[in-house]
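Chain by chain, the residues:
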Amino acid sequence: MERLKVKIINRSGYELPAYETNEAAGMDVRAAIAEPITLQSLDRALIPTGLRVQLPAGYEMQMRPRSGLALRHGITLANSPGTVDADYRGEISVIVINLGREPFTINPGERICQMVIAPYTHIAWEPVEEIDRTRRGDGAFGHTGLD
């Protein structure tokens, strides 16, 4: 597997994000906070990571929820996936929301989300009067049934 070199400044006080297994797509990111933050049900907060990156042109960083936190506590990201563009140089922060029924406390250094680095493509629009027809056509949400 090819490794893409990405420049990073880490002012979090914690280790760099890392892959937990050889085939993992995402790296866990930690909360760079000085003291615990408690989110009541439906509360959200902007949580800093202490990280700044220089992504290569043609790549984005996606910030995604951690599945265990989502399943057990209802903790997710309000704008999931959050996108960090290649030309952004500020500190990366994430919007964490508590969709659970119970309060949830984020502790300093806690793994709060995961990041995935992915290539993207820019498109060139081609205005037309018609587009190709398909079997699906304009069938939208749920049009194919439950099977």
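Note that the coordinates shown come from a computational prediction; the quantities given were computed from them, not determined experimentally.

Asker: Please give an account of the pairing of strand 4 (residues 44–48) that cites residues and values.
Answerer: Of the two faces of strand 4, only one is covered, namely that formed by Ala45 and Ile47; the face formed by Arg44, Leu46 and Pro48 stays uncovered. As paired elements, strand 4 and strand 9 (residues 93–98) share 5 bridges and run antiparallel to each other. Across the sheet, proline 48 pairs through a bridge with serine 93, a residue of strand 9.

Asker: An account of the environment of arginine 111 is requested, with residue identities and associated values reported.
Answerer: Assignment of secondary structure puts arginine 111 in strand 11 (residues 111–119). In this structure arginine 111 comes out as partly exposed when scored by relative accessible area, which is 29%. Between the alpha carbons of arginine 111 and isoleucine 47 there is a distance of 11 Å; along the sequence they are 64 residues apart. With residues near it in sequence (within four places) discarded, arginine 111 still touches Glu20, Asp28, Val29, Arg30, Arg66 and Leu69.

Asker: For the sheet that holds strand 7 (residues 75–77), give the residues involved together with the corresponding values.
Answerer: In space, the 3 strands of this open sheet follow the order 4-9-7, with antiparallel pairing throughout. At either end of the open sheet lies a strand with only one pairing partner, and these are strand 4 and strand 7. Between one strand and the next, the sheet's axes are offset by a mean angle of 35°, whatever the strand orientation. Relative to strand 9, strand 7 runs antiparallel, the two being bridged by 3 bridges. Along strand 9, the bridge assignment pairs leucine 77 with valine 96.

Asker: Kindly report on the nonpolar core, identifying the contributing residues and their values.
Answerer: Within the largest apolar cluster, 25 residues are counted, with the highest numbers of intra-cluster contacts made by Ile47, Met61, Met63, Val94, Val96, Ile106 and Ile112. Of all the elements, strand 11 adds the most residues to this core, at 3 residues. Other than its neighbours up to four places away in sequence, methionine 61 contacts Val53, Leu55, Gly82, Thr83, Val84, Ile92, Met115, Val116 and Ile117.

Asker: I'd like to hear about the environment of threonine 83, residue by residue, with values.
Answerer: Note on placement: threonine 83 falls in strand 8 (residues 82–84). Threonine 83 sits 46 residues away from isoleucine 37 along the chain, and the two C-alpha atoms are 24 Å apart. Beyond its immediate chain neighbours, meaning those up to four positions away, threonine 83 contacts Glu60 and Met61. Reaching out from threonine 83, the side chain makes a polar contact with the side chain of glutamate 60 at a distance of 3.2 Å.

Quick notes on the rules
- Residues numbered from 1 in each chain as written.
- Predicted model: local features only at pLDDT ≥ 70, side-chain atom pairs only at ≥ 80, totals over all residues.
- Heavy atoms only, no water.
- Buried < 20%, exposed > 50% of the residue type's maximum accessible area, 1.4 Å probe, protein only.
- Helix = DSSP H or I, 4+ residues; strand = E, 2+ residues; numbered from the N terminus.
- Pairing = 2+ DSSP bridges.
- Contact = heavy atoms within 4.5 Å.
- Axes fitted to C-alpha atoms, helices over the stretch in contact; angles between N-to-C directions.
- Core = buried A, V, L, I, M, F, W, Y, C linked by side-chain atoms within 4.5 Å.
- Polar contact = N/O pair within 3.5 Å; in protein donor to acceptor, adjacent residues only side chain to side chain.

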